[in-house]
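Understanding the architecture of this molecule
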Amino acid sequence: MLRPTFLSALLMLALAPMAHALDIQRWHTPQGTEVLLLERHQLPIVDYVVLFKGAGSAAEPEGKSNIAAATSELLTSGTRLLDEDEFNQKISSLGANISGNSSVDFSSMAFRTLSRADTLHATADLLNQALTQPRFDENALQRIKNQASLSLQQSESYPSFIAQREISRLNYPHHPYGKGAFQTVEKIQSVQRDDIVDFHRQYYAQNKAIVAIVGDINREQANELVAQTLKGLPEKAASSQSVPPVDVHDSQRKLVPFPHSSQSTVVLSLPVLTANSPDYFALILGNYVLGGGGFDSRLMKVLRDQYGYTYGASSDMDAYTQAAPFTIEFTTAHKNRDAALKATQQVLRDFITNGASESELQQAKANITGSFPLRLDSNQKLLNNLIHLAYHNYPNDWLDTYNDKINALTAEDVKRAWQRHIQPEKLNIVIVGAEK
Amino acid sequence: MFGRKTLFTALLLAWVMPAWAQTLKATLPNGLQVIVREDHRAPVVMSQIWYRVGSVDEKVGKSGLSHALEHMMFKGTPNVPSGEFSRRVSAMGGVLNAYTSPTETVFHENAAKEHLPKLLEMEADRMVNLNFSNRDFNNEMKVIREERRQTVDDNPINNMYEQMLFRAYDKPSNRTAVIGHMRDLHGLKAADLRDWYKKWYAPNNATMVIVGDVNAQETLDLVKQKFAHIPAKKLPERQNLQEKEVKKAVSAHAYGNTQQPIMLLGYRVPHLRTINDTTPYALDMLATILGSHSASRFETNLVRGKQLALEMDSSYTIISRQPQMFHISAMPREGVSTAQLKAEIEAQIADIAQNGVSEAELQQARVIQESSLIFSRDSMANQAAWLGTLESNGFDFSQEDELYQRVLKVSAAEIQAAAKLLTPQREVYIVMYPHAMKQKRVAVRQK
């Protein structure tokens, strides 16, 4: 049963015990893999993700870049039995999608396929081959390195990429979260086949795996599917590193010239929120009022509606295992750059000093709680929710109690949390597009 | 062989339209078309209203009108003042936005289902009562100019598409960029927008599409209740978008914010005008076979095999009011010239034109089409967008299955014939070079 909206939920409280938002089934395999399943039988589709904790770019050795990404990409580039073209032919002939992905903290492999038994098992077999018998072909590796190098260079065409990279360098100069921002073509090209083999052997293990499944499949079938896909993977990871806390470097400012752009891109940022922080909900709720709430937000009202400086200004409050960046970003014509930055800083200062008004807070609560059903209306979104739950080790009722936690907050709670975590003058600032 | 295939297709169709996919349609006496599809997977609703007006309806010197008006639709009526539309939808927990294409302006809201009556009421209100101030207009034009700088002037890909459109066609309506040219964005007047609104925003120029956890019949009644009082208008005569027969290849280059040259190759080809056309279905399959999956010809032969490109894609829009192109986009690998990559792309097309495709390759493309269709049902927004596309282009939602059937029935010979259409005379070829290369070229000339 999906949870009714806020108002009807209040009415129902007196009548019935709280319904669960999601009928999540959750268990561990004997090898230590955590599995989360949501059965959804209306469409003949199965979405499957296996995620390996610790197998992200944060684990890459110094001096080399892109190992985590290259590994996950090479896994779908041929197996011992099938060369790269044969592997791709098989996947396409099933009408399935299979892809590898990596982030700072983890790597993952995912497929979406039809739930017919023959298609599902053939897809699962390809995933198993990819995970346990990758070919790691030298030729494919070189191509992937060339693509990553060129892709890095091409990204440098975009001022917003440059701005995000610079702010990440300022925020995380010596922390694993900053590693991706220090990528270079040389570091990408220096990766050798042995690096990939080692990385795969060390981090792709069953006790570090989380599997999330949504779709037309029951628990027994899901259990078999997990066994089929992970069979032959090492049970225990060879290494187990955890991400160290962030040592915050603040109050820095950097201008990056970017000729030929008609706008300046401005980013203000600082590492702030961890996924398990007691202030999580207060910071998320406040961020809606400041810059996360689209047209409702103060940044949008001031920078776009009041001054016409920008097509969009927003703030983003991420949460990772360790402190994730809180970021404000906008672009504006060069001539308005200083004025727009000043206005942004004023909005932030006001917000932190005085907090949100009661009506702003009500609007933010109404939106966040009212939009809850929209988080659960497709298999793809459900899958993302499962991954989020498992990755941060949240309990199953985390979603059930989400709206209550938002509704319980007062303006004073929000103001206190923001004042505790953010001093406006300490945000790092990057401006891309300035001539000098 | 053929018998088996047909059976397989029939099986798939049973999946494509699950029991919950009840779809109803009505046309109100004032001309408003309404389509409602039930999807009971979550207690939410997606509502989209499609106005048949876009950049193809604009005149020279007034480009960007439709898109600018889209922005102004959030700037108030006597009942729902400026900014209130978005504030109220947000307070419902709803997500809202709008977009303008060459042929349509679409407003969409996604929210918990109990908010549908209020959403429809506000949508009906701004169909007739828009009343924005000059102050809001002036500010919003600044915002739109920033939008243009951000999404076109500083964005090499969108910039390249704008260049392509400009060179592909003779008719100004077909060449116009949706967001409008910068000089026009400085020249538009509030009165132009008010006039545009009076001309085109009418129930008989709109299609309302609703997908979600609703009762289809009750929802049709609800839409009637909210929109029936709005009178129809006599719509302006449409501009003729038909292009003269294509006579010669066009090419151009530009300089932009890119590190590596990138290229866009378009072929001016037919699109679907009636369900009985044949070539468009074959072009759709050709796009799948050439470039839209990991075992496609471009991926296998050029990205992986010869390693000439970092990225390649082929795409084709089968239904539109405007002439269409078969697009191929590519970024050559470092050290590979755009000319070399273009020649290799043409060789891939020529191979299909001469030798056709194998039955196995065709079967694979069919499976991909079928699965993609089923996968696309996971998103209510996609479902609504497809229904809206059909209905606002003179097709009927009930033709959806037949359309897919016809794609699946395309033969190898028809694909071969479609590939023969991709000739140099239909070609529009755009290359975007890095700014740095322009400076180099100038430097060479100065020596």
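In what follows, the accompanying structure is described. Treat the numbers as computed from the prediction; the structure is a model and nothing was measured. (Residues numbered from 1 in each chain as written. Chains lettered and ligands numbered in written order. Predicted model: local features only at pLDDT ≥ 70, side-chain atom pairs only at ≥ 80, totals over all residues. Heavy atoms only, no water.)

Right, let's get into the overall build of chain B. A tally of regular secondary structure across chain B gives 18 helices and 11 strands. Its C-alpha atoms give chain B a radius of gyration of 23 Å, within 12% of the compact-globule value 22 Å for 447 residues. For chain B, the spread of C-alpha atoms along the three principal axes comes to 65 × 65 × 40 Å. By the burial criterion, 61% of the 447 residues in chain B qualify as buried. Considering only contacts in chain B between residues 6 or more positions apart, those separated by 24 or more positions represent 80%. About 17,600 Å² of surface is accessible on chain B, with carbon and sulfur atoms providing 52% of the total. One way to put it: in chain B the 54 positive side-chain charges average out to a point 7 Å from where the 49 negative ones average out. (Helix = DSSP H or I, 4+ residues; strand = E, 2+ residues; numbered from the N terminus. Rg over C-alpha atoms; globule rule 2.2 N^0.38 Å. Buried < 20%, exposed > 50% of the residue type's maximum accessible area, 1.4 Å probe, protein only. Contact = heavy atoms within 4.5 Å. Areas by Shrake-Rupley, 256 points an atom, 1.4 Å probe, with all protein chains shown as cover. Lys, Arg positive; Asp, Glu negative; His and termini not counted. Charge placed at Lys NZ, Arg CZ, Asp CG, Glu CD.)

From N to C terminus, chain A includes 16 helices and 11 strands. Relative to the 2.2 N^0.38 estimate, which gives 22 Å for 436 residues, the radius of gyration of chain A is 23 Å and therefore close to what a compact globule would have. With the C-alpha coordinates of chain A rotated into their principal frame, the extents come out at 65 × 60 × 35 Å. Put simply, chain A has 436 residues, and 57% of those count as buried. The long-range share in chain A, meaning contacts at least 24 apart out of those at least 6 apart in sequence, stands at 80%. Accessible surface computed for chain A: about 17,300 Å², of which carbon and sulfur atoms make up 51%. Averaging the positions of the 40 positive and the 46 negative side-chain charges in chain A gives two centres separated by 4 Å.

Glancing now at the sheet that holds strand E5 (residues 106-114) of chain A. Read from one edge of the open sheet, six strands run E1-E2-E6-E3-E5-E4 (chain A), paired in mixed fashion. Here the strands that pair on one side only, and so sit at the sheet edges, are strand E1 (25-28) and strand E4 (97-102) of chain A. Across this sheet, the average inter-strand angle for adjacent strands is 15 degrees, counted without regard to direction. As paired strands, E4 of chain A and E5 of chain A are joined by six bridges and run antiparallel to one another. Bridging from a neighbouring strand, Ile-98 of chain A pairs with Phe-111 of chain A of E5 of chain A. Of the strands in this sheet, strand E3 (45-53), E4 and E5 of chain A are in contact with helix H14 (residues 359-376) of chain B, which crosses E5 of chain A at around 105 degrees. (Pairing = 2+ DSSP bridges. Axes fitted to C-alpha atoms, helices over the stretch in contact; angles between N-to-C directions.)

For any two aromatic rings, the description comes down to two numbers: the centre-to-centre distance and the angle of the planes. Applying the stated criterion across every chain yields a total of 26 aromatic pairs over all chains. Grouping aromatic residues by their ring pairs yields a cluster made of Tyr-280, Phe-281, Phe-372, Tyr-394, Trp-398 and Tyr-402 of chain A. Looking at Arg-126 of chain B, its charged tip hangs above the ring of Phe-85 of chain B, at a distance of 3.5 Å from the centre. In this arrangement the basic side chain of Lys-233 of chain B is found over the ring face of Tyr-197 of chain B, its NZ or CZ atom lying 5.9 Å from the centre. (Phe/Tyr/Trp six-rings, centres within 6.5 Å; stacked < 30°, edge-to-face > 60°. Lys NZ or Arg CZ within 6 Å of the ring centre and 35° of its normal.)

So, on to the packing of helix H2 (residues 65-72) of chain B against helix H9 (residues 190-200) of chain B. Residue and element names in this part refer to chain B. Where H2 meets H9, the axes come as close as 10 Å, and the angle between the chain directions of the two elements is 90 degrees. The pairing of H2 with H9 is recorded here as roughly perpendicular in orientation. Across from Leu-65, Ser-66, Ala-68, Leu-69 and Met-72 in H2, the residues of H9 making contact are Asp-192, Leu-193, Trp-196 and Tyr-197. Class assignment of the residues belonging to the contact of H2 with H9 gives a composition of seven nonpolar, one polar and one charged. (Parallel < 35°, antiparallel > 145°, perpendicular 65-115°, else oblique. Nonpolar A, V, L, I, M, F, W, Y, C, P; charged D, E, K, R; others polar.)

A separate point is the packing of helix H15 (residues 380-392) of chain B against helix H16 (residues 400-408) of chain B. Residues and elements named next belong to chain B. Viewed as axis vectors pointing N to C, H15 and H16 meet at an angle of 95 degrees, and their least axial separation amounts to 11 Å. By the angle class used here, H15 and H16 are roughly perpendicular. Contacts between H15 and H16 involve Trp-386, Leu-387 and Leu-390 from the former and Glu-400, Leu-403 and Tyr-404 from the latter. Of the residues in the contact of H15 with H16, the class split is five nonpolar, no polar and one charged.

Residue and element names in this part refer to chain A. The buried fraction of strand E2 (residues 34-39) is high, at five of six residues. Two elements, E1 and E2, share four bridges in a ladder whose sense is antiparallel. Within the sheet, the bridge partner assigned to Arg-26 lies in E2 and is Leu-36. Hairpin connection of E1 to E2: five residues between the antiparallel strands, including Gly-32 at a positive phi of 95 degrees. Here E2 pairs with strand E6 (residues 209-215) via six bridges, running parallel. Note on E6: the bridge partner recorded for Leu-38 is Val-214.

Once that is clear, we can look at the pairing of strand E10 (residues 324-333) of chain A. All names here are of chain A. Within E10, nine of the 10 residues are buried, which leaves the element mostly enclosed by the surrounding structure. Where strand E8 (residues 263-273) lies against E10, 10 bridges are found, and the strand directions are antiparallel. In the sheet register, Gln-263 faces E10, and the bridge partner there is Ala-333. For strand E9 (residues 313-317) and E10, the ladder comprises five bridges, and the chain directions are antiparallel. Directly across from Ala-313, in E10, lies its bridge partner Phe-330. Hairpin connection from E9 to E10: six residues lie between these consecutive antiparallel strands.

Okay, the interface of chain B and chain A next. Every contact between the two is made by 65 residues of chain B and, on the other side, 62 residues of chain A. The contact between chain B and chain A buries some 5,400 Å² in all, and 54% of this surface belongs to carbon and sulfur atoms. Where chain B meets chain A, there are four salt bridges. Here Asp-305 of chain A and Lys-75 of chain B are joined by a salt bridge, their closest N and O atoms 3.9 Å apart. Applying the counting rule to chain B against chain A returns 29 residue pairs in polar contact (both at pLDDT 80 or more). The leading source of residues in the side of chain B that touches chain A is helix H5 (residues 134-153) of chain B, at 10 residues. Across the side of chain B that touches chain A, the residue classes break down as 27 nonpolar, 21 polar and 17 charged. (Buried area = accessible area lost by both parts, 1.4 Å probe. Salt bridge = Lys/Arg side-chain N within 4 Å of Asp/Glu carboxyl O. Polar contact = N/O pair within 3.5 Å; in protein donor to acceptor, adjacent residues only side chain to side chain.)

What follows deals with the side chain of Gln-263 of chain A. Relative to the helices and strands, Gln-263 of chain A is located in strand E8. A polar contact of 3.2 Å, which involves the side chain of Gln-263 of chain A, links it to the side chain of Thr-331 of chain A. Within the structure, the side chain of Gln-263 of chain A is placed 2.6 Å from the side chain of Glu-146 of chain B, a separation counted as a polar contact. Apart from residues no more than four positions distant in its own chain, Gln-263 of chain A is found in contact with Thr-331, Thr-332, Ala-333, His-334, Val-432 and Gly-433 of chain A together with Glu-146, Arg-149, Gln-150 and Asp-154 of chain B.

What follows covers the sheet that holds strand E8 (residues 262-269) of chain B. Residue and element names in this part refer to chain B. Pairing within the open sheet is mixed, and its five strands lie in the order E7-E11-E8-E10-E9. On the outer flanks of this sheet lie strand E7 (250-256) and strand E9 (309-316), each paired with one strand and no other. Mean inter-strand twist for the sheet, computed between neighbouring axes without regard to direction, equals 15 degrees. Relative to strand E10 (residues 324-332), E8 runs antiparallel, the two sharing seven bridges. Paired with Leu-265 across the two strands is Ile-328, which belongs to E10. Where helix H11 (residues 279-291) meets the sheet, it contacts E8, E9 and E10, and its direction lies at approximately 165 degrees from that of E9. Sheet strands touched by helix H12 (residues 297-305): E9 and E10. Its angle to E9, the strand with the most contacts, is close to 160 degrees.

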